[in-house]
Amino acid sequence: MIVQLIVAFLGSIGFALMLKIKGRQVLYAGIGGLVTWGIYLACFEWLGSNFEANLIASVFVAVYAEVMARVNRAPATIFLTAAAVPLIPGGRLYYTMYGLVSEDKAMFAENGTAAITIALAISLGFVIVTVMNKYWNKAAAAWRKDS
């Protein structure tokens, strides 16, 4: 588990560097990836559901990106993109394509379904936080206007 967390940290840092993120924001992206993967592992161990674990981890990473954006006065997208890298179902996508090319329908179907399920969980987590953030900002603006 420790090795997985270290690799998630390094992978997020590598992706941040590839996106040309600068300074301490690279470290924050790496920490986000590490914690995101830790949350995924804990949720998967506790719930046993790949969908739910990815959903919870993606909600965390979206909230983390919004907080880091405000702290660093930077776009949330840079933190969201780099810190969400550990959740991407790369192995599942690889085996989906391998199953397609080798005409192994069972491999294709199993891994393709899992990859789509993971992608849906990640996108749903991002959407939940985006919508909540939008309504939170509207409520805060209305509250400031009334005060």
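Provided above is the structure to which this section pertains.
Now for a description of the structure that goes with this document. Because the structure is a prediction, the values reported are computed rather than measured.

Per the stated rule, a full pass over the model turns up five aromatic pairs. By way of ring pairs, the aromatic residues W37, Y40 and F44 are connected into one cluster.

Membership of the largest hydrophobic core is limited to 11 residues, which are L5, A8, W37, Y40, L41, C43, A53, A57, L87, I118 and I122. Those elements that place two or more of their residues in this core are α1 (2-18), α2 (24-47), α3 (50-72) and α6 (105-146). If you tally residues by element for this core, the top one is α2, at four residues. Aside from chain neighbours lying at most four places away, what touches A53 is Y40, C43 and F44. Listed in part, the seven residues of the second largest apolar core include A65, M68, A69 and A74.

Time to look at the pattern of salt bridges. Overall, the coordinates contain one salt bridge when judged by the stated rule. Note that R70 is salt-bridged to E66, the shortest N-O span being 2.9 Å. With R70 and E66 both in helix α3, this residue pair falls four residues apart, about one helical turn.

Conventions adopted
- Residues numbered from 1 in each chain as written.
- Predicted model: local features only at pLDDT ≥ 70, side-chain atom pairs only at ≥ 80, totals over all residues.
- Heavy atoms only, no water.
- Phe/Tyr/Trp six-rings, centres within 6.5 Å; stacked < 30°, edge-to-face > 60°.
- Core = buried A, V, L, I, M, F, W, Y, C linked by side-chain atoms within 4.5 Å.
- Buried < 20%, exposed > 50% of the residue type's maximum accessible area, 1.4 Å probe, protein only.
- Helix = DSSP H or I, 4+ residues; strand = E, 2+ residues; numbered from the N terminus.
- Contact = heavy atoms within 4.5 Å.
- Salt bridge = Lys/Arg side-chain N within 4 Å of Asp/Glu carboxyl O.

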